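# Examination of the molecular architecture
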Amino acid sequence: QFGRTEVIDNTLNPDFVRKFIMDYFFEERENLRFDFYDVDSKSPNLSKHDFLGQMFCTLGEIVGSQGSRLEKSIVGIPGKKCGTVIVTAEELGCCRDSVLMQFCANKLDKKDFFGKSDPFLVFHRSNEDGSFTICHKTEVIKNTLNPVWQAFKISVRALCNGDYDRTIKVEVYDWDRDGSHDFIGEFTTSYRELSRGQSQFNVYEVINPKKKGKKKKYVNSGTVTLLSFLIETEVSFLDYIKGGTQINFTVAIDFTASNGNPSQPTSLHYMNPYQLNAYGMALKAVGEIIQDYDSDKMFPALGFGARLPPDGRVSHEFALNGNPQNPYCHGIDGVMEAYYRSLKSVQLYGPTNFAPVINHVARYAASVKDGSQYFVLLIITDGVISDMAQTKESIVNASKLPMSIIIVGVGPAEFDAMEELDGDVVRISSRGKFAERDIVQFVPFRDYIDRSGNHVLSMARLAKDVLAEIPEQFLSYMRVRGIKPSPAPPPYTPPIHVLQTQI
């Protein structure tokens, strides 16, 4: 149990106020269950109250719904309509801001015997328990008592943990080569004070408490002035999703002969009536998370490396549902069904060519570059790639488009070439042109086969690893193109229930 709302008396249309804060991860499936009760007594024990039904969903479903508002039927009492529930989610935004600020100082104390001081600033944020944690150091400016430091950027979370009134302590030091920096003095401020920008409020006296205690005439050890203060809000992946950006998910499955005869248990495509094969598992693991972000739940599913009926021509880009004009399948279950159907009708062949399916998705991605859609292609393959040069070229070209490619390697083959496509170590290039950004994530499926046979856990780990890079790849595309999120639709206001009176 994560938490309970307040109780609202005597109504069938409650509007609950209490909010629940939870961590959100795009790459994980976070299952939620809402149980509804009619409270009959003061007892905290739920069995003492009437059960009114429940609703199941994932956090991704709420976030991925239009305006992050999900409306769903309440179920759980057979033969009874239990009503509907509306759940809304909002991202906690106060900690996404960064601040760009610049300081200078005047008439700092001279600490060096020969030259002037070499001053630098150290910023500390205060913690709940009154202790301080260092959060930023400026550069050292040599031989001056009136330094102007360079502007620096720091997140509001690092500076004050999102609490605008929390103390920020700033110390001024004179740098020494041997590391025994001399303390000049200190002052305190807060985010709220700094946010007033350049003004008389943001000129601080630098005080050295030891000197102050000893010298009666002591005024200060110089002053530090804030020159500028600029707030920048970092936009997040969720801002785009909330603004209506759709994530389009396409699947491409390897039908080359190296997978083995699908009717044999040794084949990677073997249709075991009791459990999914590796292709099915990879498809379900990734697809079930991405489908929450696609409003129509229609997914194009392609195959490559097979001979197709009736004439046996080899294709590296065929629709699994047999309809080249409309390769869309309904939901992940529809994709699975089309995959099993094609296994019965096509002949596994070869070679293993990736470029045609990458170019297929790239054609769609090239037609919507305005940030309203982003494409994710999942390629599941057993093998050694045959068209490496063409594939590299396709990836370099696709790196300019709103798309990401996930490759899951199944079976025991050597996947060295795939590691090269991944581009995490060396950015991928073709004919001297480098990919604009890293858009490929490769994982070998064998790393996720759970030794204890618990497939649910291994699938969750697989999805987590292949999807973790997507939000960052998505944001890097939007940033480079200067695309800002669309405004979210206005928040939902519940209808006012008019009380009708009979006259």
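Just so you know, the residues in each chain are numbered from 1, in the order the chain's sequence is written. Two thresholds apply to this predicted model, a pLDDT of at least 70 for residue-level local features and 80 or more for giving and counting side-chain atom pairs, whereas whole-chain, interface and lining totals are computed over all residues. Side-chain numbers come from the whole structure's heavy atoms, not from hydrogens or water.

Per an unreviewed UniProt entry, the recorded name for the chain is CPNE8 protein, and the organism is Herpetotheres cachinnans. UniProt positions are given in the numbering used here, feature names are shortened, and annotations may be inferred rather than shown by experiment. For the chain, the Sequence similarities (unreviewed entry) comment in UniProt is given as "Belongs to the copine family."

What follows is about the pairing of strand β24 (residues 440–444). Most of β24 sits out of view: five of its five residues are buried. Only protein chains enter the accessibility calculation, which uses a 1.4 Å probe; a residue is then buried when its area is under 20% of its type maximum, exposed when over 50%, and partly exposed in between. The way it works is that DSSP assigns letters per residue, a run of H or I at least four long becomes a helix, a run of E at least two long becomes a strand, and they are numbered from the N terminus. Both faces of β24 are covered, namely the face carrying Val 440, Phe 442 and Pro 444 and the face carrying Gln 441 and Val 443.

All right, on to the side chain of His 360 then. When you line up the elements, His 360 lands in helix α8 (residues 355–367). For His 360, the side chain forms a polar contact with the side chain of Glu 317, separated by 2.8 Å. What makes two residues a contact is simply this: any of their non-hydrogen atoms within 4.5 Å. Residues contacting His 360, with those up to four places away along its chain left out, are Leu 302 and Glu 317. Two N or O atoms count as a polar contact when they lie within 3.5 Å, although within protein this holds only if one can serve as hydrogen donor and the other as acceptor, and sequence-adjacent residues are included solely when both atoms are side-chain atoms.

A patch consists of residues whose relative accessible area exceeds 30% and which take part in no salt bridge; residues with like charges are grouped when within 9 Å of each other, and nonpolar side chains (Val, Leu, Ile, Met, Phe, Trp, Tyr) when within 5 Å. Using the Shrake-Rupley algorithm and a 1.4 Å probe, accessible areas are obtained, with residue cover drawn only from the displayed protein chains. Any Lys or Arg side-chain nitrogen found within 4 Å of a carboxyl oxygen on Asp or Glu counts as a salt bridge. When charges are counted, Lys and Arg contribute as positive and Asp and Glu as negative, whereas His and the chain ends are disregarded. Here the site of a charge means atom NZ of a Lys, CZ of an Arg, CG of an Asp or CD of a Glu. There is a patch of like negative charges on the surface, built from Glu 414, Asp 416, Glu 419, Asp 424, Asp 447 and Asp 465. Among the secondary structure elements, Asp 465 is positioned in helix α11 (residues 455–467). With a relative accessible area of 37%, Asp 465 lands in the partly exposed category.

Under the UniProt annotation, "domain: C2" (unreviewed entry) lies at residues 1–72 and 81–204. In residues 1–72, the share of helix is 8% and the share of strand is 29%. The end C-alpha atoms are 20 Å apart.

Taken together, Phe 2, Phe 20 and Met 22 make up a surface patch of nonpolar side chains, about 290 Å² in accessible area. Mapped onto the fold, Phe 2 is located in the segment before β1 (31–38).

Looking now at the sheet that holds strand β12 (residues 223–233). Sheet architecture is open: four strands sit in the order β8-β5-β12-β11, paired in antiparallel fashion. Pairing within the sheet leaves two strands with one partner each, and these edge strands are β8 (152–155) and β11 (203–205). Taken pair by pair, the neighbouring strands of this sheet meet at an average axis angle of 35 degrees, ignoring direction. Relative to β12, β11 is paired through three bridges, and the arrangement is antiparallel. Within the sheet, the bridge partner assigned to Val 203 lies in β12 and is Thr 225. A pair of strands is considered paired only if DSSP assigns at least 2 bridges between the two. Interaxial angles span 0 to 180 degrees and are taken between N-to-C directions of axes, which are lines fitted to C-alpha atoms, for helices over the stretch in contact.

Here the focus is the UniProt feature "domain: VWFA" (unreviewed entry) in the chain. Listed under "domain: VWFA" (unreviewed entry) in the UniProt record, and renumbered for this structure, are residues 248–449. In residues 248–449, helix accounts for 29% and strand for 26%; the two terminal C-alpha atoms are 28 Å from one another.

One can describe the packing of helix α6 (residues 278–290) onto helix α7 (residues 331–345) by two numbers: an axis separation of 10 Å at closest approach and a directional angle of 160 degrees. Classified by the angle between their axes, α6 and α7 sit roughly antiparallel to one another. For the pair α6 and α7, the sense of crossing is right-handed. The residues of α7 that touch α6, namely those facing Tyr 279, Gly 280, Leu 283, Lys 284, Gly 287 and Glu 288, are Ile 332, Asp 333, Val 335, Met 336 and Tyr 339. For the contact of α6 with α7, a count of residues per class yields six nonpolar, two polar and three charged. Should an angle lie under 35 degrees it is considered roughly parallel, over 145 roughly antiparallel, and from 65 to 115 roughly perpendicular; all remaining angles are considered oblique. By convention the crossing between two helices is left-handed if the near helix lies anticlockwise of the far one by an angle smaller than a right angle, and right-handed if it lies clockwise. Gly is placed with the polar residues, together with every amino acid not listed as nonpolar (Ala, Val, Leu, Ile, Met, Phe, Trp, Tyr, Cys and Pro) or charged (Asp, Glu, Lys and Arg).

This brings us to the packing of aromatic side chains. To pair, rings of Phe, Tyr and Trp, with the six-membered ring standing in for Trp, must have centres within 6.5 Å; the planes then decide the type, stacked if under 30 degrees apart, edge-to-face if over 60, and tilted in the middle. Counted by the stated rule, this structure contains 22 aromatic pairs. In textbook terms, an aromatic cluster arises when at least three aromatic residues are bridged by ring pairs, as seen for Phe 26, Phe 237, Tyr 240, Tyr 293, Tyr 374 and Phe 474. Just above the ring of Phe 201 sits the side chain of Arg 196; from NZ or CZ to the centre is 4.0 Å. Counted as over-ring charges are cases with an Arg CZ or a Lys NZ within 6 Å of the ring centre that also lie within 35 degrees of the ring normal. If you follow Arg 307 out to its NZ or CZ, it ends over the ring of Tyr 349, 4.6 Å from the centre.

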